[in-house]
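Observations on the model geometry
What follows is each chain in one-letter form.
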Amino acid sequence: AQTVTQSQPEMSVQEAETVTLSCTYDTSESNYYLFWYKQPPSRQMILVIRQEAYKQQNATENRFSVNFQKAAKSFSLKISDSQLGDTAMYFCAFMKGGSQGNLIFGKGTKLSVKP
Amino acid sequence: DSGVTQTPKHLITATGQRVTLRCSPRSGDLSVYWYQQSLDQGLQFLIQYYNGEERAKGNILERFSAQQFPDLHSELNLSSLELGDSALYFCASSVGDDDQETQYFGPGTRLLVL
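My aim in this report is to walk through the structure given alongside it, one point at a time. (Residues numbered from 1 in each chain as written. Chains lettered and ligands numbered in written order. Predicted model: local features only at pLDDT ≥ 70, side-chain atom pairs only at ≥ 80, totals over all residues. Heavy atoms only, no water.)

Within chain A, the secondary structure is distributed over zero helices and 12 strands. Relative to the globule expectation of 13 Å for 115 residues, the C-alpha radius of gyration of chain A, 14 Å, shows essentially globular dimensions. Across its three principal directions, the C-alpha atoms of chain A cover 40 × 25 × 20 Å. Sequence separation of 24 or more characterises 55% of the internal contacts of chain A that already satisfy a separation of 6 or more. Put simply, chain A shows about 5600 Å² of open surface, and 45% of that area lies on carbon and sulfur atoms. Of note, chain A has its 12 positive side-chain charges centred 6 Å away from the centre of its 9 negative side-chain charges. (Helix = DSSP H or I, 4+ residues; strand = E, 2+ residues; numbered from the N terminus. Rg over C-alpha atoms; globule rule 2.2 N^0.38 Å. Contact = heavy atoms within 4.5 Å. Areas by Shrake-Rupley, 256 points an atom, 1.4 Å probe, with all protein chains shown as cover. Lys, Arg positive; Asp, Glu negative; His and termini not counted. Charge placed at Lys NZ, Arg CZ, Asp CG, Glu CD.)

Attention now goes to the interface of chain A and chain B. Counting from both sides, the interface comprises 23 residues of chain A and, opposite them, 25 residues of chain B. Carbon and sulfur atoms make up 48% of the surface buried where chain A meets chain B, a total of about 1800 Å² over both sides. Across the contact surface, chain A and chain B share zero salt bridges. Applying the counting criterion to the chain A and chain B interface returns seven residue pairs in polar contact (both at pLDDT 80 or more). Elements with a minimum of two residues in the side of chain A that touches chain B: strand S5 (32-39), strand S6 (46-52) and strand S10 (88-96) of chain A. It is S5(A) that provides the largest number of residues to the side of chain A that touches chain B, a total of four residues. Split by residue class, the side of chain A that touches chain B holds 10 nonpolar, nine polar and four charged. (Buried area = accessible area lost by both parts, 1.4 Å probe. Salt bridge = Lys/Arg side-chain N within 4 Å of Asp/Glu carboxyl O. Polar contact = N/O pair within 3.5 Å; in protein donor to acceptor, adjacent residues only side chain to side chain. Nonpolar A, V, L, I, M, F, W, Y, C, P; charged D, E, K, R; others polar.)

Residue and element names in this part refer to chain B. Burial analysis of strand S5 (residues 42-50) places eight of its nine residues in the buried class, which makes it a mostly covered element. As judged from the eight bridges shared by strand S4 (residues 31-38) and S5, these two strands associate in the antiparallel manner. Counted as the bridge partner of Gln37 is Leu43 from S5. Following S4, the chain reverses through three residues before pairing antiparallel with S5. The turn linking S5 back onto strand S6 (residues 53-57) is made up of two residues, and Asn51 within it adopts a positive phi angle of 50°. (Buried < 20%, exposed > 50% of the residue type's maximum accessible area, 1.4 Å probe, protein only. Pairing = 2+ DSSP bridges.)

Glancing now at the packing of aromatic side chains. Taken as a whole and assessed by the stated rule, the structure comprises 15 aromatic pairs over all chains. Taking 6.3 Å as the distance between ring centres and 80° as the angle between the ring planes, the aromatic pair formed by Phe68(A) and Phe75(A) counts as edge-to-face. The pair formed by Phe68(A) and Phe75(A) is uniform in burial state, with each residue classed as buried. Between the aromatic rings of Phe105(A) and Phe105(B), the centroid separation amounts to 6.3 Å while the plane-to-plane angle is 70°, which identifies the pairing as edge-to-face. Of this pair, Phe105(A) sits in strand S11 (residues 104-105) while Phe105(B) sits in strand S10 (residues 104-105), which puts the two residues in different chains. With a relative accessible area of 9%, Phe105(A) lands in the buried category. (Phe/Tyr/Trp six-rings, centres within 6.5 Å; stacked < 30°, edge-to-face > 60°.)

Turning our eyes to something else, we now look at the state of the cysteines. Residue and element names in this part refer to chain A. Tallied over the full model, the rule gives two disulfides over all chains. Covalently, Cys23 is tied to Cys92 through a disulfide, its sulfur atoms 2.0 Å apart. Residues Cys23 and Cys92 are joined through a disulfide that is left-handed, its torsion about the S-S bond being -70°. Pair noted here: Cys23 is in the loop between strand S3 (19-21) and strand S4 (24-26) and Cys92 is in strand S10, with a separation of 69 residues, a long-range link. (Disulfide = S-S within 2.5 Å.)

Let us look at unusual backbone geometry. Glycine aside, negative phi is the norm for most residues, and most peptide bonds take the trans geometry. Note that the residue after Thr7(B), namely Pro8(B), is joined by a cis bond; omega there is -10°. Even without glycine at this site, Arg43(A) takes up a positive phi of about 75°. Take Arg43(A): it is sitting in the loop between S5 and S6.

This brings us to the nonpolar core. By size, the foremost hydrophobic cluster in this structure holds 25 residues, and its most contacted members are Tyr25(A), Trp36(A), Phe75(A), Leu77(A) and Tyr90(A). Mapped by element, the contributors of at least two residues to this core are S3, S5, S6, strand S8 (64-69), strand S9 (74-79), S10 and strand S12 (109-114) of chain A. Tallying contributions element by element places S10(A) first for this core, with four residues. Formed by 20 residues, the second largest nonpolar core is a distinct cluster that contains Val32(B), Leu78(B), Ala87(B) and Tyr89(B). (Core = buried A, V, L, I, M, F, W, Y, C linked by side-chain atoms within 4.5 Å.)

All names here are of chain B. On the surface, Ile12, Leu112 and Leu114 cluster together to form a nonpolar patch covering roughly 310 Å² of accessible area. Mapping Ile12 onto the fold places it in strand S2 (residues 10-13). On the basis of relative accessibility, which here comes to 60%, the residue Ile12 falls in the exposed class. (Patch = residues over 30% accessible without salt bridge, like charges linked within 9 Å, V, L, I, M, F, W, Y side chains within 5 Å.)

As structure tokens, this is what we get:
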């Protein structure tokens, strides 16, 4: 069975600074996908970024980028130029390749961006 | 706004009761997924439907059931409710059931069982 671990329950960062959220996963699959979702106080789940395991290049979406280390089974999220609106819970998620596309989530990291 | 709608937003009920949560996927999406978010269990996958057929099952209790209708909306039925069923229930949708598809989440239904 696949597992996703987020070892940082809470983090804080000053506005405009950079922060990195950690995620490790365990799987024996070779074909899979990794995601970061953001859950602000509104509780809506918002996709931040997606990484295909077969791609060596790290995914980037504006201020958000990942460091995908396949051999180490590590998938960290870097937020640059942090903004107050980035305050949220961040969930790392794993999805096995194939037709059953359910997501397996970590416990989340609560990020607070301070002015 | 993801385009996925869920009703109701909030639901308060008593133990032993039965409730139905409704989800309308994004236009054109054929797959619907149900997830439960609770304080002790975190975010857990419950069940997936694709074009009306059950495709995958996760940690869904026998007291819970779901279906997807011809118009592709889905309903999650929770019966014999217990205090521990209090949670945020999310619906997500994707175009197909291929692993290439990204899941987009609705706003959730917050269920409180008293």
